[in-house]
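Results of the structural survey
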Amino acid sequence: CDGFLVFSTTTDLTIPAIAIRHKGPEVYENMWQKVRSIWKYVGERHLMEEYEWFHLGGDDMFIIPNNLKTYLASLAYTHGSPRTTPYFVGRRFKDLWHNHFNTGGPGYTMSQATLRKFLHNIEANQCSPTLKTPKEDVIISQCLTSLGVHLTDTRDAKGRERYHHFDPGWMMDYTPRKRDVGSQIPQESDWYELYNREWGMLFGADCCAPDSVSFHYVPAGAIRHMHALLHQCQINEAFSRSTIEAKAQTQTYCRWEPVQQPNTTALFRGDASRYRTKCNSIDEEGVSRSASIYTERVEVVISYCRPGTGFDWIYYDILLQVPKGWNVVLTFISRCSGEKSIPDFREYANIDKVNVITIGNSGGQEYSYAKFINEFMKNPSPAVILFAKERKPIDFNWNNLGGYRNTSEMIDIASNYEFGCGIKPGPKHSWYHDKQTLHGVFLNEWKQPAKAAKSIFNTEKYEHLQDFHHRALNYSFPPPKYTPVCYGGSFAIHSQKIVDFFRSDGSKGKGVMERLEHTLSRSGQAIIEELFVERSWAGFFSEPLSAVQESKLASDIKEIVPSSKPTAGQIKIML
């Protein structure tokens, strides 16, 4: 299990970045106090027990996680578990004052045992608790050395370094400056050579181990470029004719099998699947089976009405996070005549097709989704459908919500026949809602915005969500007392979910979606029916809880959010 956090002066959970307080001013010269606050945060939030290794670095560091994990695993195998063995891993330097330290540039890595020892002594005098200095790497090294934790030699068997203080190009090109004849010190005080004199250096291609972990002073553009080179470039597989013919005679069939005992805590938070995908390769002459549900294709549906805004979020939040080897179809539902500004994304290797569906100035985001679903069902095919909304900052605490799921997480959940919601519930909340309370929500706080926008929505037309379901859609949530709700407008489902919904109850689901599209098709802004529909998607496309699961959730309920709140009916659970 891997985790990632950014610490900053402001909170932005789209990254996720967390604002963190520290002693003293917000200046580079006070870096040590910033680092102390970061490690305190990790300890106070009990993150230390969740992970075995902790790597800290700056925003100009480029790290190769697979190499880092492999190298750390080799240390654990050779010298002992990181839970009990203290490790302090990085790029060793020895400065002119004879301080041995791991430089902070490429980041340094501490084992759980080391971090526990540091936090236990963080206020001790030998760990300089009140010092204001930019040399946080020197100070933490001195502190750990005083506690009996020493620097690890991270070079490979040939003496090549794994952690690098500079970017790859600089490392490859570096040679020490020429010396004066008879001088023992390089001209112009080449500090880099001096800091490495105790153990020496290798140059050129031998500067860096093939399994290098991290580099420093890497610009943002170069970080993205290097990431793409390492993780997105693919080598075409060469097939012989016999291999191709053999593949042509074999077909992979997959089905979802129920998990016997799903993790109910994770299930109640929308993180776990009640199914697993099982696939078999079967000769065409073998046993006949139904069509395979397995797919390595994702269709991204974007409700587009923001001409002139950037598209970077599509690249960073979606395309970079699609599983390697999967194909992508981008479908833009253009609502505001801005389709001419949509770029051709087919320059990216994994983009199969870009569709633009123009619907004029009609409805809003939920209408676009309903329109797409009805069009998709005219010719359905296996795919994960990702309904994507540009992420904007949300007050997660106010909404009892707990941050974003990334695209790969949503796709993984959807691939196993569950509903992958783009926003997680808060740490003490479930994504399930008490249906009776949820039905009563009217969203009074949106009355005035609707009126100010001169919306044609009649705020008196429907009494509440249940009234909207009955009169506009002729629909009711399935029988259990609790139903999931996905906030935020981004979610992923397998296409089979849509097919099953349309076929449900004698094809009643098909009529529901057609009425939904019609109801939302009116022009205008702040159409409050869309907020009712936002609270309905997960109910449409989620498997109802079993009687046993419903009973377990009922026993875990600590509190239910009242109907006067935007997250009416949301369940606070006892963890």
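Heads up: these notes are all about the structure in this document. (Residues numbered from 1 in each chain as written. Predicted model: local features only at pLDDT ≥ 70, side-chain atom pairs only at ≥ 80, totals over all residues. Heavy atoms only, no water.)

Digging into the overall build of the protein
Secondary structure assignment for the protein yields 19 helices and 24 strands. When each of the 575 residues of the protein is scored for burial, the buried share is 48%. Put simply, of all contacts in the protein between residues at least 6 apart along the chain, 73% involve residues at least 24 apart. Of the roughly 29,000 Å² that the protein leaves accessible, carbon and sulfur atoms contribute 50%. (Helix = DSSP H or I, 4+ residues; strand = E, 2+ residues; numbered from the N terminus. Buried < 20%, exposed > 50% of the residue type's maximum accessible area, 1.4 Å probe, protein only. Contact = heavy atoms within 4.5 Å. Areas by Shrake-Rupley, 256 points an atom, 1.4 Å probe, with all protein chains shown as cover.)

Concerning the environment of D2
Tracing the sequence through the fold places D2 in the segment before strand 1 (6–8). Each C-alpha atom of the pair D2 and E50 lies 9.2 Å from the other, and the pair is 48 residues apart in sequence. What D2 contacts, discounting residues up to four positions off in sequence, is Y51 and K69. Here the side chain of D2 touches K69 through a polar contact of 2.9 Å, side chain to side chain. (Polar contact = N/O pair within 3.5 Å; in protein donor to acceptor, adjacent residues only side chain to side chain.)

Here we look at helix 2 (residues 65–79)
Under the 1.5 Å per step criterion, the end-to-end length of helix 2 is 21 Å for 15 residues, consistent within 8% with the ideal 21 Å. The complete set of buried residues in helix 2 reads N67, L68, Y71, L72 and L75. Along the axis of helix 2, the buried residues cluster in a sector spanning 125°; they form a single face. Relative to its buried face, helix 2 has exposed residues pointing more than 90 degrees away, namely N66, T70 and Y77. Contact partners of the buried residues in helix 2: strand 3 (53–56), strand 4 (62–63), strand 5 (88–89), strand 8 (108–111) and strand 9 (151–152). With its phi angle positive at about 125°, G80 sits one or two positions after the end of helix 2. (Expected span 1.5 Å × (residues − 1). Arc of directions from axis to C-beta.)

So, the pairing of strand 24 (residues 570–573)
Judged from the two bridges that link them, strand 20 (residues 429–434) and strand 24 form a sheet pairing that is antiparallel. What sits directly across from H429, in strand 24, is K572. (Pairing = 2+ DSSP bridges.)

Comments concerning unusual backbone geometry
With a phi close to 60°, Y217 is a non-glycine residue in the positive phi region. Its place among the elements puts Y217 in the loop between strand 10 (214–215) and helix 7 (220–231). Positioned with a positive phi, N474 is a non-glycine residue whose angle comes to about 55°. The residue N474 is located in the loop between helix 15 (465–473) and strand 21 (482–484) in this model.

Regarding the sheet that holds strand 8
Read from one edge to the other, the open sheet built from four strands follows the order 3-8-5-9, with strand pairing classed as mixed. At either margin of the open sheet sits one strand with a lone partner, and together these are strand 3 and strand 9. Relative to strand 8, strand 3 runs antiparallel, the two sharing four bridges. The partner of L56 across the bridge, within strand 8, is Y108. In the packing of helix 1 (residues 31–44) onto the sheet, the strands contacted are strand 3 and strand 8, and the crossing angle to strand 3 comes to about 155°. Most of the contacts of helix 3 (residues 112–120) go to strand 8, to which it runs at about 85°, and overall it touches strand 3, strand 5 and strand 8. (Axes fitted to C-alpha atoms, helices over the stretch in contact; angles between N-to-C directions.)

Examining the packing of aromatic side chains
All chains considered together, the criterion is met by 43 aromatic pairs. Their ring planes at 85° and their centres at 6.1 Å tell us that F93 and Y192 sit as a pair that is edge-to-face. Remark: Y192 occurs in helix 6 (residues 191–195) and F93 occurs in strand 6 (residues 92–94); sequence separation between them is 99 residues. Accessibility expressed as a relative area gives 1% for F93, which makes it buried. When the ring of F166 is compared with that of W170, the centres are 3.8 Å apart and the planes differ by 25°; the resulting orientation is stacked. (Phe/Tyr/Trp six-rings, centres within 6.5 Å; stacked < 30°, edge-to-face > 60°.)

A closer look at the nonpolar core
By size, the foremost hydrophobic cluster in this structure holds 58 residues, and its most contacted members are F419, M513, W537, F540 and F541. When residues in this core are grouped by element, the largest group, seven residues, is from helix 16 (residues 495–519). The residues contacting M513, other than those within four sequence positions of it, are A370, I373, N374, F501, F502, W537, F540 and F541. Y41, M48, I139 and I140 belong to the second largest nonpolar core, which has 27 residues in total. (Core = buried A, V, L, I, M, F, W, Y, C linked by side-chain atoms within 4.5 Å.)

Focus on the state of the cysteines
Taken as a whole, this structure holds two disulfides when the rule is applied. Each sulfur in the disulfide pair C127 and C143 lies 2.0 Å from the other. Judged by the sign of its S-S torsion, about 60°, the bond between C127 and C143 is right-handed. In this pair, C127 sits in the loop between helix 3 and helix 4 (136–146) while C143 sits in helix 4, placing the two residues 16 residues apart along the sequence. Given a relative accessible area of 0%, C127 falls into the buried group. (Disulfide = S-S within 2.5 Å.)

Thoughts on the pattern of salt bridges
Counted by the stated rule, this structure contains 21 salt bridges. A salt bridge links E26 to K34, with the shortest nitrogen-to-oxygen separation between them at 2.8 Å. The class of E26 is partly exposed, set by a relative accessible area of 45%. With a relative accessible area of 17%, K34 lands in the buried category. Here R92 makes a salt bridge to D153, at a shortest N to O gap of 3.4 Å. Residue R92 is found in strand 6, and its partner D153 is found in the loop between strand 9 and helix 5 (168–173); the two are separated by 61 residues along the sequence. (Salt bridge = Lys/Arg side-chain N within 4 Å of Asp/Glu carboxyl O.)

Some thoughts on the packing of helix 1 against helix 3
Running from N to C, helix 1 and helix 3 cross one another at 110°; their axes reach a closest spacing of 11 Å. Compared by their axis directions, helix 1 and helix 3 come out roughly perpendicular. The element helix 1 and its partner helix 3 pack so that their crossing is left-handed. Contacts between helix 1 and helix 3 involve W32, W39, K40, V42 and G43 from the first element and L115, F118 and L119 from the second. Of the residues assigned to the contact of helix 1 with helix 3, the class counts are six nonpolar, one polar and one charged. (Parallel < 35°, antiparallel > 145°, perpendicular 65-115°, else oblique. Left-handed = near helix turned anticlockwise from the far one by under 90°. Nonpolar A, V, L, I, M, F, W, Y, C, P; charged D, E, K, R; others polar.)

Some thoughts on the sheet that holds strand 22 (residues 491–494)
Reading across the sheet, the six strands line up as 15-14-13-16-22-18 and stay open at both edges, with mixed pairing between neighbours. Because the sheet does not close on itself, it has two edges, and the strands there are strand 15 (351–358) and strand 18 (420–421). Where strand 18 meets strand 22, two bridges bridge the pair, whose relative direction is antiparallel. In the strand pairing of strand 22, G420 is matched with A492. Across the face of the sheet, helix 11 (residues 365–376) comes into contact with strand 13 (297–304), strand 14 (327–334), strand 16 (384–388) and strand 22 while running at roughly 140° to strand 13.

Points about the environment of S430
Mapped onto the secondary structure, S430 falls in strand 20. A residue is classified by how much of its surface remains accessible, and S430, at 0% relative accessible area, is buried. It is 9.4 Å that separates the C-alpha atoms of S430 and L401, two residues lying 29 residues apart in sequence. With residues up to four places along the chain from it excluded, the contact list for S430 reads F268, P425, L553, Q570, I571 and I573. Within the structure, the side chain of S430 is placed 2.5 Å from the backbone oxygen of F268, a separation counted as a polar contact.

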